[in-house]
Amino acid sequence: MNIWLPFRLVAATAVTGLMLTACGSSGEPPTASGSPSAAPRTSSPSQSPATPVPSATAATTPPGTRAPTTPAPGGSAPVLGSGSLQPLWPFATLAEAQAWQRDYRSGGHQPWHLDPDRTALSFTQGYLGFRDIGRISSHSVSGAHARIGVALSGPEGGTAAIVHLVRYGTGPDAPWEVVGTDDTTFSLTVPGYGSIVRSPLVTGGRITGVDEGIRLQVRQPSSGALLGSSCCSSAGGNDQPWKQSVSFSRARDPVLTVVASTGGHIAEVERFTVTAVRTG
């Protein structure tokens, strides 16, 4: 998500669209095939401090981008797809989130949707394909918003990203939906969060690091295959700008995920940031 791009969240009980990605019948997060400290910037629409928690066991599936957000009054769910927040994963429409609620109420189907930690890991490992990132490094929940830090499974390396999630729908069993990431030393600010894009796509942001190589991906929830990728733009320094383009095709979902990642020092992916864009 784009940094320094605050959005005003609107409280509402109705929500527009997000599509459900592939789910197993076992109740576990789906396994998809495929594919640390400056002032926070956001790739999702403001960030509250995360509270560290002990490392958690990784879910069997995949994190995300940074978004500026403010908890909705009374903790009610924000409106998704309206421009303030975009639904990235796992549901593409409110109808799909509500269908899961009905299945959960009748038979306890896939309870992991009620756990922001497991949803953040499923997004990171299953959807983005970053298998080495399998540990929770921080956990903060405030009303309808959650910000979950994800990190490499081993002891080395700091937080790879802070995944921003919101409750999608109404009721105490409204599932968690990824809407972006809260960014600090690595941000994705171009294109603007929620903007309409076409291929080729020019991206950019800021980064702090040494000998960084930035990889880009464009993804959509309805397919495991990449829509486009680009590697690798050299970057580094202290809060320096970076810029790179990526071409993509076969986009059919209304909301796409643009992912920028860097690594190569101790793991292929050590940090990442995501933002949401629209196709029309």
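Look up a bit, the structure's there.
Residues numbered from 1 in each chain as written. Predicted model: local features only at pLDDT ≥ 70, side-chain atom pairs only at ≥ 80, totals over all residues. Heavy atoms only, no water.

K.L.:
What exactly am I supposed to notice about the overall build of the chain here?
P.N.:
Along the chain, the regular secondary structure elements total two helices and nine strands. Along the chain, from the amino end to the carboxyl end, the secondary structure elements read β-α-α-β-β-β-β-β-β-β-β. The buried share of the chain, taken over its 280 residues, is 54%. Element-wise, carbon and sulfur atoms account for 54% of the exposed surface of the chain, whose accessible area totals about 10,600 Å². (Helix = DSSP H or I, 4+ residues; strand = E, 2+ residues; numbered from the N terminus. Buried < 20%, exposed > 50% of the residue type's maximum accessible area, 1.4 Å probe, protein only. Areas by Shrake-Rupley, 256 points an atom, 1.4 Å probe, with all protein chains shown as cover.)

K.L.:
Is there a simple way to think about the environment of Leu 227 in this case?
P.N.:
Topologically, Leu 227 is positioned in the loop between strand E6 (201-219) and strand E7 (228-246). Judged by relative accessible area, which is 5%, Leu 227 ranks as buried. Distance from Leu 227 to Leu 256, taken between C-alpha atoms, is 9.4 Å for residues 29 residues apart in sequence. With residues near it in sequence (within four places) discarded, Leu 227 still touches Val 218, Arg 219, Gln 220, Ser 247, Phe 248, Ser 249, Arg 250, Ala 251 and Leu 256. (Contact = heavy atoms within 4.5 Å.)

K.L.:
Sorry if this is basic, but what is going on with the side chain of Ser 233 here?
P.N.:
Note that Ser 233 resides in strand E7. Leaving out residues up to four positions away in the same chain, Ser 233 has contacts with Glu 212, Gly 213, Ile 214, Lys 243 and Gln 244.

K.L.:
Please explain the nonpolar core as it appears in this structure.
P.N.:
Among soluble globular proteins, nonpolar side chains are generally buried collectively. Judged by nonpolar contacts, the single largest core of 38 residues is most densely connected at Phe 123, Leu 128, Ile 133, Val 150, Leu 165 and Phe 272. No other element matches strand E4 (residues 159-167), which puts five residues into this core. Counting 17 residues, the second-largest nonpolar core is a separate cluster that includes Leu 201, Ile 214, Val 218 and Val 246. (Core = buried A, V, L, I, M, F, W, Y, C linked by side-chain atoms within 4.5 Å.)

K.L.:
Explain the state of the cysteines here, please?
P.N.:
Formally, a disulfide is one covalent bond, and it connects the sulfur atom of one cysteine to the sulfur atom of another. Counted under the stated rule, the structure contains one disulfide. Paired by a disulfide, Cys 231 and Cys 232 hold their sulfur atoms 1.5 Å apart. Among the residues examined, Cys 232 registers a relative accessible area of 39% and is labelled partly exposed. (Disulfide = S-S within 2.5 Å.)

K.L.:
Mind showing me how you'd approach helix H1 (residues 94-107) here?
P.N.:
Every α-helix winds through 3.6 residues per turn, so residues three or four apart in the chain are directed the same way. When the terminal C-alpha atoms of H1 are compared, their 20 Å separation across 14 residues agrees well with the 20 Å that a helix rising 1.5 Å per residue should span. Buried within H1 are the following residues: Leu 94, Ala 97, Trp 100 and Gln 101. Along H1, the residues classed as buried sweep out an arc of 120 degrees about the axis, all on the same side. Facing away from the buried surface of H1 by more than 90 degrees, the exposed residues are Ala 95, Arg 102, Ser 106 and Gly 107. (Expected span 1.5 Å × (residues − 1). Arc of directions from axis to C-beta.)

K.L.:
Even after reading the chapter, I still don't get the pairing of E4, so can you show me in this structure?
P.N.:
Of all the nine residues making up E4, eight are buried; the element is thus mostly covered by neighbouring parts of the structure. In the sheet, strand E3 (residues 145-152) pairs with E4 via seven bridges, with the strands oriented antiparallel. Along E4, the bridge assignment pairs Arg 147 with His 164. Linkage of E3 to E4, two consecutive antiparallel strands, is achieved through a turn of six residues, within which Gly 157 is found at a positive phi near 90 degrees. (Pairing = 2+ DSSP bridges.)

K.L.:
Got a minute to help me understand the sheet that holds strand E9 (residues 271-278) in this structure?
P.N.:
Two strands in a sheet stick together by hydrogen bonds in their backbones, pointing the same way (parallel) or opposite ways (antiparallel). Strands sit in the order E7-E6-E8-E9 across an open sheet of four strands; the sheet is antiparallel. In this open sheet, the two strands that pair with only one neighbour each are E7 and E9. Neighbour-to-neighbour, the strand axes of this sheet turn through a mean angle of 25 degrees, independent of strand direction. (Axes fitted to C-alpha atoms, helices over the stretch in contact; angles between N-to-C directions.)

K.L.:
How should I be thinking about the packing of aromatic side chains in this particular structure?
P.N.:
To describe a pair of aromatic rings, one takes the distance between the centres and the angle between the planes. Considering all chains together, one arrives at seven aromatic pairs under this definition. Judged by centre distance (6.2 Å) and plane angle (50 degrees), the rings of Trp 89 and Phe 123 are tilted. A residue pair is termed long-range when its members are at least 10 positions apart, and Trp 89 in the loop between strand E1 (41-42) and H1 and Phe 123 in helix H2 (residues 116-127) qualify at 34 residues. Taken as a pair, Trp 89 and Phe 123 share a single burial class, namely buried. (Phe/Tyr/Trp six-rings, centres within 6.5 Å; stacked < 30°, edge-to-face > 60°.)

K.L.:
Can you walk me through the pairing of strand E5 (residues 176-183) in this structure?
P.N.:
Every other side chain in a regular strand lies on the same face of the sheet, so the side chains alternate between the two faces. With eight of eight residues buried, E5 lies mostly within the body of the structure. Judged from the six bridges that link them, E4 and E5 form a sheet pairing that is antiparallel. Within E5, the position partnered with Val 163 by the bridge is Thr 181.

K.L.:
How should H2 be read in this particular structure?
P.N.:
Buried residues dominate H2, accounting for 11 of its 12 residues. Residues of H2 that are buried include every one of Pro 116, Asp 117, Thr 119, Ala 120, Leu 121, Ser 122, Phe 123, Thr 124, Gln 125, Gly 126 and Tyr 127, and no others. One side-chain oxygen at the N-terminal end of H2 lies 2.9 Å from the backbone nitrogen of Asp 117; it belongs to Asp 115. Of the residues flanking the end of H2, it is Gly 129, one or two places downstream, whose phi is positive at about 80 degrees. (Polar contact = N/O pair within 3.5 Å; in protein donor to acceptor, adjacent residues only side chain to side chain.)

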